[in-house]
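Coordinate inspection notes
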Amino acid sequence: MKVAKRIEELPPYLFAEIDRRIEEKRSQGVDVINFGVGDPDLPTPPHIVETLCREAERPENHRYPSYRGMARFRRAAAEWFARRFGVELDAESEVLALIGSKEGIAHLPMALLDPGDVALVPDPAYPVYRTSVIFCGGTPVLMPLVEEEGFLPRLRDIPDEVWHRAEMIFLNYPNNPTAAVAGRDFLEELAHYARKHQVVIAHDLAYSEITYDGYVAPSLLEIPGAKEIAVEFHSLSKTYNMTGWRVGFAVGGRELISAFAAVKENIDSGVFNAVQLAAVSALEGPQDCVERNREVYRRRRDMLVEGLRSIGWRVEPPVATLYLWMKVPEGYDSSAFAGELLEKAEVVVAPGSAYGERGEGYVRFSLTIPDQRIREGVERMKRAFS
Ligand SMILES: *Cc1c(COP(=O)(O)O)cnc(C)c1O
């Protein structure tokens, strides 16, 4: 028996070692505080759950869903998009339902890349961009995201020859793991390069609603002319605490969405109708639950920033996402520091190196644990490190 090269060539899964150590600690009865995963701890708002329960009982929802998503769901997504970003979309041809945005991100390259084709991928990044390119035989070319540049890639430093060979570029602002945001000027520059070199932009906007201090995240599709060369990924996971539900959607130019749908029609059979209808409730219902979420995360962000600073660590409060991206103290690398936090403070963080080589030297703290646990985690780190 052999396994395919695409499996053998996967970048190492650096969380595996951490997971093993957490398990070991927990089996010894240690109460580990986990700042490592970005999975909202708060429940899905009740009106959304109620819609699911009601719709799950209706036999007409028990059959295969339509491939592109229910017309009702796509209309709700298009209307939400218009309200939120001021951009009109044709629900029929420019919106596609996804089984969570991760599923869509993983499958889009199959619609765009032939074996050997180049895709530009940020480093550090959500690991799916790179692996999805590898899975369809493409070649990822990494774009470093460095602190001095606000964790934005320097598009003008990418050689013309690379732009010319590239078929697609992945980006994600507000960004996981760095918590950086991109302004309209950056999006305009991006659209300019992409149009000039005929490169499709895959923009992951999973954190569009997780913002603070008055910051409002733009959509790439707000840039005139960007739609035709872009696919943008939207997710209900973080906005409505729905990570377990597996529902999101992609928007973009008609031709791109059509090629993307052709891939999905041959792989999956869509999202459970009752889940799509619950998602309609989320998108069309009262949005005060989103505001409350923001308020909870903002409070936690401030609490954790203050706590980490009181230990003497340098960290900036981000204006978006669920994460603090912190440089590790002098003398450590990412995984040594993460290991030390686990050993000495029984606190788990994600080592930056798990998100790519350029993530080395950082760790990521997630804000998806209760306030009391954050306080306790800070106390433990303080005791261990000061
Ligand atoms: C959480 C997250 C997603 C959302 O994934 P779903 O599959 O929609 O749950 C997408 N991209 C990034 C960068 C994320 O952190």
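Residues numbered from 1 in each chain as written. Predicted model: local features only at pLDDT ≥ 70, side-chain atom pairs only at ≥ 80, totals over all residues. Heavy atoms only, no water.

1. Observations concerning the overall build of the protein chain
Along its length, the protein chain carries 13 helices and 12 strands. In terms of overall dimensions, the protein chain has C-alpha extents of about 60 × 55 × 55 Å along its principal axes. Expressed as a percentage of its 386 residues, the buried residues of the protein chain come to 56%. Taking the contacts inside the protein chain whose residues are at least 6 apart along the sequence as the reference set, 75% of them involve residues at least 24 apart. Just so you have it, the protein chain exposes about 16,800 Å², and 51% of that area is on carbon and sulfur atoms. Once the 46 positive and 58 negative side-chain charges of the protein chain are each reduced to a mean point, those two points are 2 Å apart. (Helix = DSSP H or I, 4+ residues; strand = E, 2+ residues; numbered from the N terminus. Buried < 20%, exposed > 50% of the residue type's maximum accessible area, 1.4 Å probe, protein only. Contact = heavy atoms within 4.5 Å. Areas by Shrake-Rupley, 256 points an atom, 1.4 Å probe, with all protein chains shown as cover. Lys, Arg positive; Asp, Glu negative; His and termini not counted. Charge placed at Lys NZ, Arg CZ, Asp CG, Glu CD.)

2. A look at the packing of helix 12 (residues 334–345) against helix 13 (residues 371–385)
Two numbers describe how helix 12 lies on helix 13: the axes approach to 9 Å, and their chain directions differ by 100°. The angle between helix 12 and helix 13 places the two elements in the roughly perpendicular class. Side by side, helix 12 and helix 13 meet where Phe 337, Glu 340, Leu 341, Lys 344 and Ala 345 of the first sit next to Arg 380, Met 381, Ala 384 and Phe 385 of the second. (Axes fitted to C-alpha atoms, helices over the stretch in contact; angles between N-to-C directions. Parallel < 35°, antiparallel > 145°, perpendicular 65-115°, else oblique.)

3. Brief notes about the state of the cysteines
This structure, assessed with the given rule, holds zero disulfides. Its sulfur unpaired, Cys 53 is 16 Å from the next cysteine sulfur, which belongs to Cys 289. Under the relative-accessibility criterion, Cys 53 is labelled partly exposed at 45%. (Disulfide = S-S within 2.5 Å.)

4. Description of the sheet that holds strand 6 (residues 200–204)
Strand order in the open sheet formed by seven strands is 2-8-7-6-5-3-4, and the pairing between neighbours is mixed. Each of the sheet's edge strands pairs with one partner strand only, and the pair in question is strand 2 (95–98) and strand 4 (139–144). Neighbouring strand axes in the sheet, compared pairwise and without regard to direction, differ in orientation by 20° on average. Pairing geometry for strand 6 and strand 7 (residues 230–235), over four bridges, is parallel. Following the sheet pairing, Ala 202 is matched in strand 7 by Val 231. (Pairing = 2+ DSSP bridges.)

5. Examining the pairing of strand 7
The element strand 7 is extensively covered by neighbouring structure, given that six of its six residues are classed as buried. A two-sided burial pattern is seen for strand 7, the buried positions comprising Ala 230, Glu 232 and His 234 on one face and Val 231, Phe 233 and Ser 235 on the other. Relative to strand 8 (residues 248–252), strand 7 is paired through five bridges, and the arrangement is antiparallel. When the bridges of strand 8 are listed, Val 231 appears paired with Gly 252.

6. A word on the environment of Val 275
Here Val 275 is to be found in helix 10 (residues 273–284). Residue classification places Val 275 among the buried residues on the basis of a relative accessible area of 9%. Expressed as a C-alpha distance, the spacing of Val 275 and Glu 291, which sit 16 residues apart in the sequence, is 22 Å. Apart from residues no more than four positions distant in its own chain, Val 275 is found in contact with Leu 52, Trp 245 and Val 247.

7. A closer look at the sheet that holds strand 9 (residues 323–327)
With respect to topology, three strands assemble into an open sheet ordered 9-12-11, the strand pairing being antiparallel. Each of the sheet's edge strands pairs with one partner strand only, and the pair in question is strand 9 and strand 11 (350–351).

8. What to know about the site of the ligand
The full set close to the ligand counts 14 residues, and Asp 204, Tyr 207, Ser 237, Lys 238 and Arg 246 are the nearest of them. Here Asp 204 contributes a side-chain N or O atom positioned 2.6 Å from a nitrogen atom of the ligand. Between the ligand and Arg 246, the relevant distance is 2.6 Å, taken from an oxygen atom to a side-chain nitrogen or oxygen of the residue. Protein coverage of the free-state accessible area of the ligand, which is 390 Å², stands at 94%. Residue composition of the shell around the ligand, by class: four nonpolar, six polar and four charged. (Near = heavy atom within 4 Å. Polar contact = N/O pair within 3.5 Å; in protein donor to acceptor, adjacent residues only side chain to side chain. Nonpolar A, V, L, I, M, F, W, Y, C, P; charged D, E, K, R; others polar.)

9. Examining the pattern of salt bridges
According to the stated counting rule, one finds 34 salt bridges in the structure shown. Between Arg 292 and Asp 288 there is a salt bridge, with its nearest N and O atoms 3.3 Å apart. Of this pair, Arg 292 and Asp 288 both sit in helix 11 (residues 288–311), four residues apart, which is roughly one turn of that helix. The class for Arg 292 is exposed, based on a relative accessible area of 51%. (Salt bridge = Lys/Arg side-chain N within 4 Å of Asp/Glu carboxyl O.)

10. Points about the domain arrangement of the protein chain
Quite often, the size of an interface is put as the accessible area lost when its parts meet. Taken domain by domain, the protein chain comprises domain 1 (5–44 + 288–385) and domain 2 (46–284). With centres defined by C-alpha atoms, the gap from domain 1 to domain 2 works out at 25 Å. Counting residues at the interface gives 36 residues for domain 1, matched by 39 residues for domain 2. Here domain 1 meets domain 2 over a buried area of about 3,200 Å², counting both sides, of which 61% is carbon and sulfur. (Domains from an automatic or database assignment. Buried area = accessible area lost by both parts, 1.4 Å probe.)

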